[in-house]
Amino acid sequence: MEIREMEIKGIKQLIPRYLKRRDNISLEKLEEIVDELEECDLPGEAKPKLEEIRPLIDGDLSYLRITDIERVEYDGYLYDLQVGDDPIFTANWLYAHNSMDAPLVMSSRIDPAEIDDEAHNIDIVSQYPHEFYEATLEMSDPESVNIQIGEDTLGTDEEYTGFEHTHDTSDIAMGPDLSAYKTLGSMMDKMDAQLELSRKLEAVDETDVAERVIEYHFLPDLIGNLRAFSRQETRCLDCGEKFRRMPLTETCRECGGRVNLTVHQGSVNKYMQTAIEVAEEYDCRPYTKQRLEVLEKSLESIFENDKNKQSGIEDFM
Ligand SMILES: [Zn+2]
């Protein structure tokens, strides 16, 4: 919504700020905005933008509301396709999304601009300049020395060839078929392997790695699961009927069967202990440790049986 930033009277009211933070908008709301915009006295640069949005409303598209979402147990490879900047593409005339729908279309031509950004951020020079080594001694920011990376060649004749590299390959599809993430067993094993590697690498600060794993993986996972647990539905084990709340009769209102939770304790706090151990072992900041402690208390308050609390001898001393 760059139109929002333009000098148009009343634009801030017409396109509220919250729409900038969201990835979606209802069709009705979008239509309302576009209709109103067309009534406005628009600056020249807004017109082409509006033309781009217009087909979403009266173009050859139809919108279907999602009526049901079903989770399917699947154990095997899952492939993601990336086409263009956004991980969205059409498949069998439906808009599809990565890791959620089975992608049904494949691109026959590889455009380097369309592949994942991470691959653009790779050095492709044959050697580093002298100033690079000088900069390392000063612990400079990596961006402070200009080294040619894949991104620099996008859209030019050099985008397909001439990348210098350290390891040759004979096959474009070569690579590990099975990553250590799948062969290592428990989450603690995976963490140990990752942190063991960072311990060996001089350039990597293992405490920082541990902090990041806790902050970006464990904490959001635990918090998200806790939230899912508290807002879950219950389901009949016999006929599959779902209930917004546990029926007071404790049995299914449809068939009289047993009703059970759909999110279980085990799936909520499965990484709590691992996270605490990692924080302790890698000497994370007190702040991180305290966040884990607070979370552990929340988990306890939900899952601990109030009638049968576990106590230690020190509780009586
Ligand atoms: Zn039932």
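In the block above lies the structure referred to throughout.
## Observations concerning the overall build of the protein
Turning to step 1, where the next piece is worked out: Scanning the protein from N- to C-terminus turns up 11 helices and 5 strands.
Turning to step 2, where the next piece is worked out: When burial is assessed residue by residue, the protein has 24% of its 317 residues classed as buried.
Turning to step 3, where the next piece is worked out: A fraction of 53% describes how many contacts in the protein between residues 6 or more apart in sequence connect residues 24 or more apart.

## As for the packing of aromatic side chains
Each pair of aromatic rings is reported with the distance of its centres and the angle of its planes.
Turning to step 1, where the next piece is worked out: In this structure the tally under the stated criterion is 4 aromatic pairs.
Turning to step 2, where the next piece is worked out: Judged by centre distance (4.3 Å) and plane angle (25°), the rings of Tyr 128 and Phe 132 are stacked.
Turning to step 3, where the next piece is worked out: When the ring of Phe 132 is compared with that of Tyr 133, the centres are 5.2 Å apart and the planes differ by 85°; the resulting orientation is edge-to-face.
Turning to step 4, where the next piece is worked out: Taking the relative accessible area as the measure of exposure, Tyr 133 reaches 46% and is therefore partly exposed.
Turning to step 5, where the next piece is worked out: Taken together, the aromatic side chains of Tyr 128, Phe 132 and Tyr 133 make up a single cluster linked through ring pairs.
Turning to step 6, where the next piece is worked out: When the ring centre of Tyr 181 is taken as reference, the NZ or CZ atom of Lys 190 above it lies at 4.0 Å.

## Topic: the sheet that holds strand S3 (residues 234–236)
Turning to step 1, where the next piece is worked out: Pairing within the open sheet is antiparallel, and its 3 strands lie in the order S4-S3-S5. Both outer strands of the open sheet, strand S4 (242–243) and strand S5 (259–261), are each paired with one neighbouring strand and no more.
Turning to step 2, where the next piece is worked out: Two strands pair when backbone bridges link them, and S3 and S5 are joined in this way by 3 bridges, in the antiparallel orientation. In the sheet register, Thr 234 faces S5, and the bridge partner there is Leu 261.

## Observations concerning the coordination of the zinc ion
Working reference: metal with six octahedral donors, ideal angles 90 or 180 degrees; metal with four tetrahedral donors, ideal angle 109.5 degrees.
Turning to step 1, where the next piece is worked out: For the zinc ion, the protein coordination sphere consists of Cys 236 (SG), Cys 239 (SG), Cys 252 (SG) and Cys 255 (SG), at 2.3 to 2.4 Å.
Turning to step 2, where the next piece is worked out: Coordination at the zinc ion is tetrahedral, judged from the 4 donor atoms that bind it and the angles of 105 to 113° they form at the metal.

## Examining the packing of helix H10 (residues 272–281) against helix H11 (residues 286–303)
Turning to step 1, where the next piece is worked out: Their axes nearest at 10 Å, the elements H10 and H11 cross at an angle of 155°. When the axis of H10 is compared with that of H11, the two are roughly antiparallel. Here the hand of the crossing between H10 and H11 comes out left-handed. Between H10 and H11, the contacting residues are Met 272, Gln 273, Ala 275, Ile 276, Ala 279 and Glu 280 on the first element and Lys 289, Leu 292, Leu 295, Glu 296 and Leu 299 on the second.
Turning to step 2, where the next piece is worked out: Its residues assigned to classes, the contact of H10 with H11 comprises 7 nonpolar, 1 polar and 3 charged.

## Quick notes on the pattern of salt bridges
Turning to step 1, where the next piece is worked out: Taken as a whole and judged by the stated rule, the model has 6 salt bridges.
Turning to step 2, where the next piece is worked out: The salt bridge partner of Glu 196 is Arg 199, with a shortest N-O separation of 3.9 Å. In this pair, Glu 196 and Arg 199 both sit in helix H7 (residues 187–200), 3 residues apart, roughly one turn of the helix.
Turning to step 3, where the next piece is worked out: By relative accessible area, Glu 196 is classed as partly exposed at 34%.
Turning to step 4, where the next piece is worked out: A salt bridge links Glu 281 to Arg 199, with the nearest nitrogen and oxygen atoms 3.7 Å apart.

## So, the nonpolar core
Turning to step 1, where the next piece is worked out: Residues Leu 195, Ile 214, Phe 218, Val 268, Val 278, Leu 292 and Leu 299 are the most contacted members of the largest nonpolar core, which totals 26 residues.
Turning to step 2, where the next piece is worked out: Contributions of two or more residues to this core are made by H7, helix H8 (206–230), H10 and H11.
Turning to step 3, where the next piece is worked out: With 9 residues, H8 is the single largest residue contributor to this core.
Turning to step 4, where the next piece is worked out: Apart from residues no more than four positions distant in its own chain, Leu 299 is found in contact with Leu 222, Leu 226, Val 268, Asn 269, Met 272 and Glu 304.
Turning to step 5, where the next piece is worked out: Judged by nonpolar contacts, the second largest core, of 16 residues, contains Val 34, Leu 42, Leu 50 and Ile 53.

## A closer look at a negative patch on the surface
Turning to step 1, where the next piece is worked out: Residues Asp 116, Asp 117, Glu 118, Glu 151 and Asp 152 make up a contiguous surface patch of negative charge.
Turning to step 2, where the next piece is worked out: The residue Glu 118 is located in the loop between strand S2 (94–97) and helix H5 (130–137) in this model.
Turning to step 3, where the next piece is worked out: Residue classification places Glu 118 among the exposed positions, given a relative accessible area of 65%.

Scoring rules and cut-offs
- Residues numbered from 1 in each chain as written.
- Predicted model: local features only at pLDDT ≥ 70, side-chain atom pairs only at ≥ 80, totals over all residues.
- Heavy atoms only, no water.
- Helix = DSSP H or I, 4+ residues; strand = E, 2+ residues; numbered from the N terminus.
- Buried < 20%, exposed > 50% of the residue type's maximum accessible area, 1.4 Å probe, protein only.
- Contact = heavy atoms within 4.5 Å.
- Phe/Tyr/Trp six-rings, centres within 6.5 Å; stacked < 30°, edge-to-face > 60°.
- Lys NZ or Arg CZ within 6 Å of the ring centre and 35° of its normal.
- Pairing = 2+ DSSP bridges.
- Donors = N, O, S within 2.8 Å, 3.2 Å for Na, K, Ca; no water.
- Tetrahedral: all angles 85-135°; square planar, octahedral: opposite > 155°, others 65-115°.
- Axes fitted to C-alpha atoms, helices over the stretch in contact; angles between N-to-C directions.
- Parallel < 35°, antiparallel > 145°, perpendicular 65-115°, else oblique.
- Left-handed = near helix turned anticlockwise from the far one by under 90°.
- Nonpolar A, V, L, I, M, F, W, Y, C, P; charged D, E, K, R; others polar.
- Salt bridge = Lys/Arg side-chain N within 4 Å of Asp/Glu carboxyl O.
- Core = buried A, V, L, I, M, F, W, Y, C linked by side-chain atoms within 4.5 Å.
- Patch = residues over 30% accessible without salt bridge, like charges linked within 9 Å, V, L, I, M, F, W, Y side chains within 5 Å.
- Areas by Shrake-Rupley, 256 points an atom, 1.4 Å probe, with all protein chains shown as cover.
- Lys, Arg positive; Asp, Glu negative; His and termini not counted.
- Charge placed at Lys NZ, Arg CZ, Asp CG, Glu CD.

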